[in-house]
Amino acid sequence: MNPGVPADVVSLLAASASVVVSVSGGKDSAATALWLTDLGIPHERVFCDTGWEHPSTYDYISGPLTQKLGEIKVLRHNHQWPSSIRLPLLRAEGVPKEEITQAETELASVFAPIMETAAQEVEAVLGWRSDFVRMAISETVFPSRIQRWCTRHLKFRPVKSYLQTKENPVNVVGIRRDESEARSRVAEVEFADDMDAWVWRPLVAWSLDDVIACHKRHGLAPNPLYLKGASRVGCYPCIFARKEEIAALDDPRVRAIRMLEKHVSWFAAERARRAGKDRDESGSTMFYESNSDENWPIDKVMEWARTTRGGRQVQLFAARPSDAGCMRWGLCDTGGDK
C-alpha cells in the first residue's frame, strides 16, 4: 500500500471486508474514488439518489463517472405513503383508541391516492420518480435548518442500510479541511455512531489544486455544472442554495417547485383542518426570508435572486449550515470552492 497512507488506516482497511465510497457527482468524491484506485484499494461506489438532483449530475454519474470508475450503485429511500395519519383532535377529545386508530388509518387511505396524483404531477415535470417530492408531500413541510429530513431519510438511511449488509464496512468520503473553518478540524478517521461504521476521509489534507490534478491525471472531466459556474453539486436546489445558484435555476425546476409548494401547502392545510386547527393553504414554501421569518414562494425568491440593482437586497438565509449531515459525510458536495 502507498506509504502515504497512515498506519491506523492501513490497520483499519486490513480488518475491513468492505470499503464503500460515497459518490455525489461532485469533484471531491470523484477524486476520492480515483485516489483509492491509485492506492490499489478495492472498493465499491454508491450514490444516494434523492430524486432532486440536476439532470446534468445524473448524466455525469451514469456516463463519464461510471465509465471511468466502474459501477456506481444507486441507493434510494423508496418512500411509501403513510399507513396512518395522526388526528390530535380525536386524541384530545378522549375518543376510544380503537376508533382513533381506525380513523387515522382511513384518513391515510383517503390521502394516499391524492398524494400519488400530486407527486406524479410534479414528477412529470422532473422526468423521473422523486423521493424528495414524495417526502415533502408526505411530511407536508419542506426540509429546513431544524428539520433536515432530506439528509436523514434520503441520504443517511440508504447509506447506513447498505453498510449494514457489509462485513466490517469502512465508508470513504471526500471531505477536505481547506473547504471551511469547521472542516479544518475534521478527523481523517473516526467511528461514526450514527452510521455504525468507520469513516475514512483520505483527502482531508488535499487542496482544490490537488483534486483538479487528480482529475486531469486520470483524464476525467469534471461535472459539467462546474464548467457553468456552479461551486457545488447536490440537490437542485438545496434549501441552503446561494443567491447565484437560485438565480440559475431553469424554468422546469422552478415550475416543479411552484407545483410542489402548492401541493405541500394544500396537504398541510388539510391535515391541520382535520386536526381542528387553522392553516393558510399558501404557507408552505421551500425558502424563507431569514430577516423576517417570512415564507417566500418560489416566484418571489426568483425575483429576489435575479435582482442586482434597484431591488430590495436581503440575506435570504441567516447562515450556511454547519458541517453536519450530508456535508459531513460527503454525500453531497457543498464546499465553497469557486
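Residues numbered from 1 in each chain as written. Predicted model: local features only at pLDDT ≥ 70, side-chain atom pairs only at ≥ 80, totals over all residues. Heavy atoms only, no water.

(A) Structural view of the overall build of the chain. Across its full length, the chain carries 13 helices and 8 strands. Restricting to contacts in the chain with at least 6 residues of sequence separation, those with at least 24 account for 72%. (Helix = DSSP H or I, 4+ residues; strand = E, 2+ residues; numbered from the N terminus. Contact = heavy atoms within 4.5 Å.)

(B) Fine view of the state of the cysteines. Throughout the structure, instances matching the rule amount to 0 disulfides. Not part of a disulfide, Cys 235 finds its nearest cysteine sulfur in Cys 150, a span of 6.1 Å. Residue class for Cys 235 comes out buried when judged on its relative accessible area of 11%. (Disulfide = S-S within 2.5 Å. Buried < 20%, exposed > 50% of the residue type's maximum accessible area, 1.4 Å probe, protein only.)

(C) Layout of the environment of Arg 129. The topology assignment puts Arg 129 in the loop between helix H5 (97–126) and helix H6 (131–139). Sequence spacing of Arg 129 and Asn 78 is 51 residues, and the spatial spacing of their C-alpha atoms is 9.4 Å. Leaving out residues up to four positions away in the same chain, Arg 129 has contacts with Gly 51, Asn 78, His 79, Gln 80, Glu 123 and Arg 134. Of note is the side chain of Arg 129, whose polar atom sits 2.9 Å from the backbone oxygen of His 79. Here the side chain of Arg 129 touches Asp 131 through a polar contact of 2.8 Å, side chain to side chain. (Polar contact = N/O pair within 3.5 Å; in protein donor to acceptor, adjacent residues only side chain to side chain.)

(D) Here's a closer look at the pattern of salt bridges. Within this structure, the stated rule accounts for 12 salt bridges. One salt bridge connects Asp 49 with Arg 76, and the closest N-O pair in it is separated by 3.0 Å. Separated by 27 residues along the polypeptide, Asp 49 in the loop between strand E2 (44–48) and helix H3 (55–69) and Arg 76 in the loop between strand E3 (73–75) and helix H4 (88–92) bring together distant segments of the chain. A relative accessible area of 6% means that Asp 49 is categorised as buried. (Salt bridge = Lys/Arg side-chain N within 4 Å of Asp/Glu carboxyl O.)

(E) Examining helix H8 (residues 208–218) more closely. Those residues of H8 lying buried are Leu 208, Val 211, Cys 214, His 215 and His 218. Axial view of H8: buried residues confined to an arc of 125 degrees, hence all on one face. Every exposed residue of H8 that faces more than 90 degrees away from the buried side is listed here: Asp 209, Lys 216 and Arg 217. Buried residues along H8 sit against helix H2 (27–39) and H3. (Arc of directions from axis to C-beta.)

(F) Representation of the side chain of Ser 231 in the model. In this fold, Ser 231 is placed in the loop between helix H9 (224–227) and helix H10 (243–247). For Ser 231, a relative accessible area of 5% translates into the label buried. A distance of 3.3 Å separates the side chain of Ser 231 from the side chain of Arg 242, its partner in a polar contact.

(G) Layout of the packing of aromatic side chains. Scanning the model with the defined rule gives 10 aromatic pairs in all. A centroid spacing of 6.3 Å and a plane angle of 80 degrees characterise the contact between Phe 47 and Tyr 58, whose relative ring orientation is edge-to-face. Here the residue Phe 47 occupies a position in strand E2, and Tyr 58 occupies one in helix H3, the gap between them amounting to 11 residues. Here Phe 47 matches Tyr 58 in class, with each residue buried. Where Phe 111 meets Trp 266, the ring centres are 6.4 Å apart and the plane angle is 40 degrees; that geometry is what we call tilted. Taken together, the residues span a long stretch of sequence, with Phe 111 in helix H5 and Trp 266 in helix H11 (residues 251–274) at a distance of 155 residues. (Phe/Tyr/Trp six-rings, centres within 6.5 Å; stacked < 30°, edge-to-face > 60°.)

(H) Representation of the side chain of His 79 within the structure. Relative to the elements of secondary structure, His 79 occurs in the loop between E3 and H4. At 3.5 Å, the side chain of His 79 and the side chain of His 77 are in polar contact. The contact partners of His 79, leaving out residues within four places of it in the chain, are Arg 129, Asp 131, Arg 134, Met 135 and Ser 138.

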